[in-house]
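The residues making up each chain are set out below.
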Amino acid sequence: MTSVEEQQRRAWLKNGFFLLWAFGFIAIMALVGMRNGPQITLVAWLIFFGVLFAIFYNPRYGVYCLLGFTLVSDIAMLYWYPFVKNFSSEESIFFVSNALIFNPVELCIVLTAVSWLARMWFVERKLEFTTGPLFWPVLVFIIFITLGLAVGIVRGGNLNIALWETRAIYCLPALLFFVTNLIKTKEQLITLFWCAIIALFVKSIAASIYVATVLNFAIGSVDRIAEHAMSIQFNSIIVLTVATLLFKGPMSWRIVLPLMVPTLMLGILGNNRRSGFIALGLALFFVMLILYFDNRKLFAIITPPLAVFCIVYLAVFWNSSGPVSLPVNAVRSVLGQANERDASSNLYRELENANTMFTIQQAPLTGVGFGRKFYIIAPMADISFFVFWEYITHNSMLWIWMKAGVGAFLAMIYMISWSLMMGARVIRTMPNGELRTIAVGATMYILMHFVFGYVDMCWDTASMVYIGSVMGMINILPQIAAQPAATEG
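Here the structure is a predicted model, which is why all the values come from computation and not from measurement.

(A) Region of the structure containing the overall build of the chain. Along its length, the chain carries 17 helices and zero strands. Once local pairs closer than 6 in sequence are excluded, the contacts in the chain between residues at least 24 apart make up 73%. With the model as given, the accessible surface of the chain reaches about 22,600 Å², and the carbon-plus-sulfur share is 70%.

Encoded structure:
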């Protein structure tokens, strides 16, 4: 057994090493700044190396940084933002070389794993892992994705495109495993959700500035302002706000979250995703259903005026075309009364689904494999501005079957179903307060993500990091709830 003196010596050496490393790096960056003058790229690199320092100081900080810095990203609206861009992407402010075909997210995942393993081996002197109930469904799904990758390569698929299709998906099990093992207390869980809240609020400010300065508040004048999945990411904070107020979430959330709603809603309206509005409405419906079983008196107070408001809102804006009517248009589209824009989008998706089903029929067991194009028997509108339009479809559920076979599709359905079942069980068993609020927020994001994925693309890096994180939260909530009052923040 390691003596107290030995532990203190190791702690002094560790702190001294990191302190020396930090001062050395700051000195080098200062010299570069004095020589070349102030540059935004220099500041960005300084922040990034600070992230790497934090990861090696404590791997748990890597989880915080991965979730926070990834969710700020948006390929469409913040094209220069580097965290999800390869170091070989010339538009990124982290461009280094065309040879570095990996990105900061992947680097941070690897370094977090290295830091964690080194901490267990050299400091704790034992390798100990926790899986939790969601680990195995996710593992089976990833195995089938890997088989789909192998099938595509063996059948002559484009290796580069195959990796572009799948690399983001591998972030899901990584974040699930990190959160399950590195987040230990309620305070750390709240801090992790704070990372998502702050990141998405920053992105909502960028979205609001875009709507104000580029669109001049002409909401609905463009197809979208950002990546498709931004809508459900913003939805998650709207739902978390409602859950915080209904289930007595952290006091800081009750104060701060309502103040964030205006910019989040402006971003949601500007992005104009019908599936996003439908997913938000469905999530809020289930939140109210949870309230019915949790507090029927409060449910009876809230529901009647809310129902009247919804009916009046639908009636007043049913035939309107303004920005306030965008959620109504989503409902009309579902009921078969889509406007011209939505009807055109529906037609494209119907033709794309026909092509997807035909492709599935050609190889239902194994799929065609990643890196291979799907068959096009029904010509679609030209969207060749999207580089992967012949490889990735809007229906993200059928896309998995088409690419990786029926085993991957069934594994995905099992993973989703088990996650929602576990989420429902955790919601029911959590005490009212912070943990129940987190359980509701995490479960409702999983629901919204895969409802959205039925008609839109949802396997991007930011989505996988977020979905892996909330699955990890659900995975560890029972253990955290069983702990005595935590003292560590």
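We are not done yet, so read on.
(B) Structural context of the packing of helix α11 (residues 274-294) against helix α16 (residues 434-453). Where α11 meets α16, the axes come as close as 9 Å, and the angle between the chain directions of the two elements is 145°. At the point where α11 passes α16, the crossing takes the right-handed sense. Along its contact with α11, which presents Ser 275, Gly 276, Ala 279, Leu 280, Leu 282, Ala 283, Phe 286, Val 287, Ile 290 and Asp 294, the element α16 presents Arg 436, Val 440, Met 444, Leu 447, Met 448, Val 451 and Phe 452. Looking at the contact of α11 with α16 residue by residue, the classes come out as 13 nonpolar, two polar and two charged.

(C) Molecular detail of the confidence of the model for the chain. Per-chain confidence: the chain averages 87 in pLDDT, with 89% of residues scoring 70 or above. Looking at the elements of the chain, mean pLDDT is at its lowest for helix α1 (residues 4-36), recorded as 57, and at its highest for helix α7 (residues 171-182), recorded as 97.

(D) Expanded view of α16. Taking 1.5 Å per residue, 20 residues should reach 28 Å; α16 reaches 29 Å between its end C-alpha atoms and fits that length. Among the 20 residues of α16, 18 are classified as buried, and the element is accordingly described as predominantly covered.

(E) A look at the nonpolar core. Among the nonpolar cores identified, the biggest contains 144 residues, and Phe 141, Leu 189, Phe 450, Trp 459, Tyr 466, Ile 467 and Met 471 are the most heavily contacted of them. Of the residues forming this core, the biggest block, 15 residues, is contributed by helix α15 (residues 396-429). If we skip the residues at most four places from it in the chain, Leu 189 touches Ile 183, Leu 435, Ile 438, Met 473, Ile 476, Leu 477 and Ile 480.

(F) Spotlight on the packing of helix α2 (residues 40-57) against helix α3 (residues 59-72). At a minimum axis separation of 5 Å, α2 and α3 run at an interaxial angle of 145°. Crossing geometry of α2 relative to α3 is assigned as left-handed. Contact with α2, carried on its side by Ile 47, Val 51, Ala 54, Ile 55 and Tyr 57, involves Pro 59, Tyr 61, Gly 62, Cys 65 and Phe 69 of α3 and no other residues of that element. Tallied by class, the residues present in the contact of α2 with α3 amount to nine nonpolar, one polar and no charged.

Cut-off values and rules
- Residues numbered from 1 in each chain as written.
- Predicted model: local features only at pLDDT ≥ 70, side-chain atom pairs only at ≥ 80, totals over all residues.
- Heavy atoms only, no water.
- Helix = DSSP H or I, 4+ residues; strand = E, 2+ residues; numbered from the N terminus.
- Contact = heavy atoms within 4.5 Å.
- Areas by Shrake-Rupley, 256 points an atom, 1.4 Å probe, with all protein chains shown as cover.
- Axes fitted to C-alpha atoms, helices over the stretch in contact; angles between N-to-C directions.
- Left-handed = near helix turned anticlockwise from the far one by under 90°.
- Nonpolar A, V, L, I, M, F, W, Y, C, P; charged D, E, K, R; others polar.
- pLDDT = per-residue confidence, 0-100.
- Expected span 1.5 Å × (residues − 1).
- Buried < 20%, exposed > 50% of the residue type's maximum accessible area, 1.4 Å probe, protein only.
- Core = buried A, V, L, I, M, F, W, Y, C linked by side-chain atoms within 4.5 Å.

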